[in-house]
Amino acid sequence: MADLKVGHYSEAAERGQPGMAVPQGETFYLETFGCQMNDHDSEKVAGVLLARGYRQVDGPEAAKVILYNTCSIREKAAQKVFSRLGELRPATGDQRPVASEEERSGELRAAATRAQAGVPVPQKSAQPGMVVPREANHPSQRKIVNAGGGKIIGVLGCVAQQEGEGIFERAPWVSLVCGSASYRKLPQLIAELEAGNRRVTGLDTDTDETFETEITRRDNPFRAYLTIIEGCDKACSYCVVPFTRGPERSRASASILEEVRQLAEEGYSEVQLLGQTVNSYADPSARKMRFSELLAAVAEVRGIRRVRFTTSHPRDFGKDIVEAIETHPTICDHVHLPVQSGSTAVLRAMARTYSREEYLEKIALMKAARRPISITTDMIVGFPGETEKDFEETLNLLDEVQYDSVFAFKYSPRPNTPSLRMPDAIPEEEKGRRLAILMDRQREIQRVRNERTVGETFEVLVDGKSRRENQWSGHTSSNRVVNFTSPEQELLGDYVQVKVTMAMPNSLVGEMVGRT
Ligand code: 5AD
Ligand code: SF4
C-alpha cells in the first residue's frame, strides 16, 4: 500500500549530518527479503545511510548504491537474491547464471529443482517468518540494470553471512558483503568503497553488540518495530539462523524502554518487540529484567496502546508471560508459538527441546487465561524421516490447538545444518502433498473460528484505506485483519470499534460502530 509508506525519520537524517563525505544527492536503493527482523534491520540500514546524506530511491536504475537485504531460511528465498544479482550483471560480464555456493556444490541442486514442482505456500505479509512479496518486486515492474557506471552493489543479511566472499566469485560486480551482526560497520564499509576500495566485507558473528542506531527510518507509520534480542542459541537441526545471525545478544532494558518512550512521543501507539526467540530475552544490565517484566514495563509507557512480540520459543514460554497479558490490556492477545511438528519423534530429530505434550502444556496456559489469546504457529512438513503417522500427529495437533493462523513450509535442506545429513529424505512431491493437506485442514479450522466472530465488536487500529470509497482496513489486538466500511474522511492511525458482519478464512469484514 503505497500510501502507507510514510517515512518516519528525523530532520537531521533528512538533512544529513556535519562532516559527512557523501557528495550531495548520492542515492541508494534497498530491497528486503524475509522476516520482520530483516524488515526492521533495513529500516535501521536506511536510517544510517540517510544520516550520511544519502537519499533513498524507489528503483535500482537511479541508485548509486544498490543493497539487497537477504534471507536464506529456505532455498527459494536464497535463490531469489541470486536472480536479482543476475539482473544487475554488467553488459560485458560473464554470462553464466549466478548460482549460490550451495547450488554449485551440487548438494542441494536436486532438491531445489524439484521444489519448483511443489505446492506453493500462500504468502502473507506482516507476519513472522514469511518471505513477503513486495509489489515493486514483480518481474513486470523490474528493469535489467547495468551494474557498470560506478554503482556500488551490496549483499546484506543472511545470504551474505552464509555465502561470504563466495558471492564476489559468482557475481564479481558485487563490492560489499555484510551480515547482520556487522551492520554497525556499514558506514565505515561504504566509506572504504567511496575511498576507492574495490571489495569490502563485514562477516564477523562473534560480536556481543546489538545494532542500535540513533536514526531508524521507519516504514510503518502505525507499528514500530524494536529488536530486543538478536541471533539465536537454540540450534534447531534444520535452521540456518544460528549460523547467519550468530549467538543470542540481548539489548539492555533501559535502552529499550527509552526507545519506546521516544516512539510514544513521536506518536506511535503500537510497538512490536522482535527477536528470533524474543522470549529468551536476557537483560544484560544490572536490572536483570525478565522478558515478562519488560513486556509489562513497555505496556506501561504513557501513550502506548498496543504491545506485540514475536517470535516466542516454546521452551522459554511460561506462565509469567500469560499473566503479563492478563494484567496489561495493552499487551495484545496474540502469541505466535511455532511448534514445527506435532510428533515428539520429529521434534526430537529437529532438536526443538520439547515434546508434543510439553508444547501442549504451554498451550493450556494460554487457554486458561482470563481473556482469550489468539495462537498462531509455524510448521514444517516433510522433515527427514517424517512418517505418515508423524504427519497425522501434526494434523491432529491442528484440531487440538485450534490455531488462528498457521505458516506451513516444506522442509528445505540448508547448508551447514545437521538435518542435511539425516537419512530418509521425503520426496519433494510428497512434501507438497502433505503441505496441501495441512493447509486444507487449517483453512477449514480458520473458517469455522472466524465464523464465530460474526456479530462481535472489536477494537481495530486503522492502518489501510482502500481505493474504494468508505472502505478501510486494520488489525485487531489478536492481529486479525478486518476490512470495514465507514463514511468518515480520515481514520488512518485511529482506534475504532468494528462490528463483524462476515468472516473469511484469512480476514473479517465489518462496519464501524464507534470510536475508542
Ligand atoms: N525448511 C523449512 N522451513 C524452515 N523454517 C526454518 N528453517 C526451515 C527449513 N530449513 C521455518 C520454521 C520457522 C520459520 C521462520 O521458517 O517453521 O519457524
Ligand atoms: Fe532457527 Fe530454531 Fe533459532 Fe528459531 S529457535 S531461529 S527455528 S534455530
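All figures in this text were calculated on a predicted structure; none of them were measured in a lab.

What counts and what doesn't
Residues numbered from 1 in each chain as written. Chains lettered and ligands numbered in written order. Predicted model: local features only at pLDDT ≥ 70, side-chain atom pairs only at ≥ 80, totals over all residues. Heavy atoms only, no water. Near = heavy atom within 4 Å. Polar contact = N/O pair within 3.5 Å; in protein donor to acceptor, adjacent residues only side chain to side chain. Areas by Shrake-Rupley, 256 points an atom, 1.4 Å probe, with all protein chains shown as cover. Helix = DSSP H or I, 4+ residues; strand = E, 2+ residues; numbered from the N terminus. Nonpolar A, V, L, I, M, F, W, Y, C, P; charged D, E, K, R; others polar. Pairing = 2+ DSSP bridges. Axes fitted to C-alpha atoms, helices over the stretch in contact; angles between N-to-C directions. Buried < 20%, exposed > 50% of the residue type's maximum accessible area, 1.4 Å probe, protein only. Phe/Tyr/Trp six-rings, centres within 6.5 Å; stacked < 30°, edge-to-face > 60°. Lys NZ or Arg CZ within 6 Å of the ring centre and 35° of its normal. Expected span 1.5 Å × (residues − 1).

Enquirer: Is there a simple way to explain the site of ligand 1 in this structure?
Expert: Contacts to ligand 1 come from 12 residues, most closely from Arg 74, Tyr 238, Gln 340, Asp 378 and Ser 412. One of the side-chain N or O atoms of Arg 74 is found 2.8 Å from an oxygen atom in ligand 1. In this structure, a nitrogen atom belonging to ligand 1 sits 3.0 Å away from a main-chain N or O atom of Tyr 238. For ligand 1, whose unbound accessible area comes to 400 Å², protein coverage reaches 92%. Taken together, the elements giving at least two residues each to the shell around ligand 1 come down to strand S13 (374-381) and strand S14 (405-410). Partitioned by chemical class, the residues of the shell around ligand 1 number five nonpolar, three polar and four charged.

Enquirer: In this structure, what is going on with the sheet that holds strand S19 (residues 508-515)? I would like to understand it.
Expert: Within a sheet, neighbouring strands are paired by backbone hydrogen bonds and run either parallel or antiparallel to one another. Read around the closed barrel, the five strands follow the order S15-S16-S17-S19-S18; overall the barrel is mixed. The sheet shows a mean angle of 55° between the axes of neighbouring strands, direction not considered. As paired elements, strand S17 (residues 481-485) and S19 share four bridges and run parallel to each other. What sits directly across from Phe 484, in S19, is Gly 510.

Enquirer: Looking at this model, I keep getting lost on the pairing of strand S3 (residues 65-70). Mind explaining?
Expert: The two faces of the sheet receive side chains in turn, since in a regular strand these alternate between them. Most of S3 sits inside the fold, with six of its six residues counted as buried. Residues Val 65, Leu 67 and Asn 69 line one face of S3 and the alternating positions Ile 66, Tyr 68 and Thr 70 line the opposite face, and both faces are buried. Note that S3 and strand S4 (residues 152-156) share five bridges and pair parallel. By the bridge assignment, Leu 67 is partnered in S4 with Gly 154.

Enquirer: It is not clear to me how the site of ligand 2 should be interpreted in this structure. Could you clarify?
Expert: All residues adjacent to ligand 2 are Cys 232, Lys 234, Ala 235, Cys 236, Tyr 238, Cys 239, Val 241, Pro 242, Gln 276, Thr 277, His 313 and Arg 352. Residues that form the shell around ligand 2 fall into these classes: seven nonpolar, three polar and two charged.

Enquirer: Please explain the sheet that holds strand S12 (residues 334-336) as it appears in this structure.
Expert: The parallel open sheet is built from three strands, whose spatial order is S12-S13-S14. Edge positions in the sheet fall to S12 and S14, since each has one partner strand and no second. Ignoring strand direction, the axes of neighbouring strands in this sheet form an average angle of 15°. Across three bridges, the pairing between S12 and S13 is parallel. Each residue of the ladder has a partner; that of His 334, found in S13, is Ser 374.

Enquirer: I would appreciate a short explanation of the environment of Arg 217 in the present structure.
Expert: Along the chain, the position of Arg 217 falls in the loop between strand S6 (200-202) and strand S7 (223-227). Residues Arg 217 and His 40 lie 177 residues apart in sequence; the distance between their C-alpha atoms is 9.3 Å.

Enquirer: Could you clarify how one ought to interpret the packing of aromatic side chains in this entry?
Expert: The description of an aromatic ring pair rests on the distance of the ring centres and on the angle between the ring planes. Inspection of every chain in the model, using the stated rule, returns six aromatic pairs. Plain terms: the ring middles of Tyr 238 and Phe 383 are 6.3 Å apart, the flat faces sit at 85° to each other, and that makes the pair edge-to-face. In this pair, Tyr 238 is assigned in the loop between strand S8 (229-230) and helix H9 (241-244) and Phe 383 in the loop between S13 and helix H15 (388-401), connecting sequence segments 145 residues apart. A single burial state applies to Tyr 238 and to Phe 383, both of which are buried. Measuring from centroid to centroid gives 5.3 Å for Phe 383 and Tyr 411, while their planes differ by 70°, and the two rings are edge-to-face. Highlighted residues: Phe 383 in the loop between S13 and H15 and Tyr 411 in the loop between S14 and helix H16 (428-451), separated in sequence by 28 residues. No difference in accessibility class separates Phe 383 from Tyr 411, as the two residues are buried. By way of ring pairs, the aromatic residues Tyr 238, Phe 383 and Tyr 411 are connected into one cluster. Of note, Arg 74 hangs over the ring of Phe 409, and the distance from its end group to the ring centre comes to 3.7 Å. In this arrangement the basic side chain of Lys 465 is found over the ring face of Trp 472, its NZ or CZ atom lying 4.6 Å from the centre.

Enquirer: Would you mind showing me how to read the environment of Thr 201 here?
Expert: Looking at the element boundaries, Thr 201 is found in strand S6. For the pair formed by Thr 201 and Ser 182, sequence separation is 19 residues and the distance between their alpha carbons is 9.0 Å.

Enquirer: Honestly, the pairing of strand S16 (residues 471-476) in this entry has me stumped. Any pointers?
Expert: Among the six residues that make up S16, six are buried, leaving the element largely enclosed by the rest of the structure. Inspection of the sheet shows strand S15 (residues 457-465) paired to S16 by five bridges, in the antiparallel sense. From the neighbouring strand, Gly 464 faces S16, where its bridge partner is Ser 473. Two successive antiparallel strands, S15 and S16, enclose a turn made up of five residues, where Asn 470 displays a positive phi of approximately 65°.

Enquirer: When you look at helix H3 (residues 75-87) in this model, what are you seeing that I'm missing?
Expert: For an α-helix the count is 3.6 residues per turn, leaving residues at separations of three or four pointing the same way. Taking 1.5 Å of rise per residue, 13 residues should cover 18 Å, and H3 covers 19 Å from first to last C-alpha, within 8% of that figure. If you check which residues of H3 are buried, you get Glu 75, Ala 77, Ala 78, Gln 79, Val 81, Phe 82, Arg 84, Leu 85 and Glu 87.

Enquirer: I'm lost on H16 in this one. Help?
Expert: Relative to the 34 Å expected for 24 residues at 1.5 Å per residue, H16 spans 34 Å between its end C-alpha atoms, a close match to the ideal helical length. Of the residues making up H16, those classed as buried are Glu 428, Glu 430, Lys 431, Gly 432, Arg 434, Leu 435, Leu 438, Met 439, Gln 442, Ile 445, Gln 446 and Asn 450.

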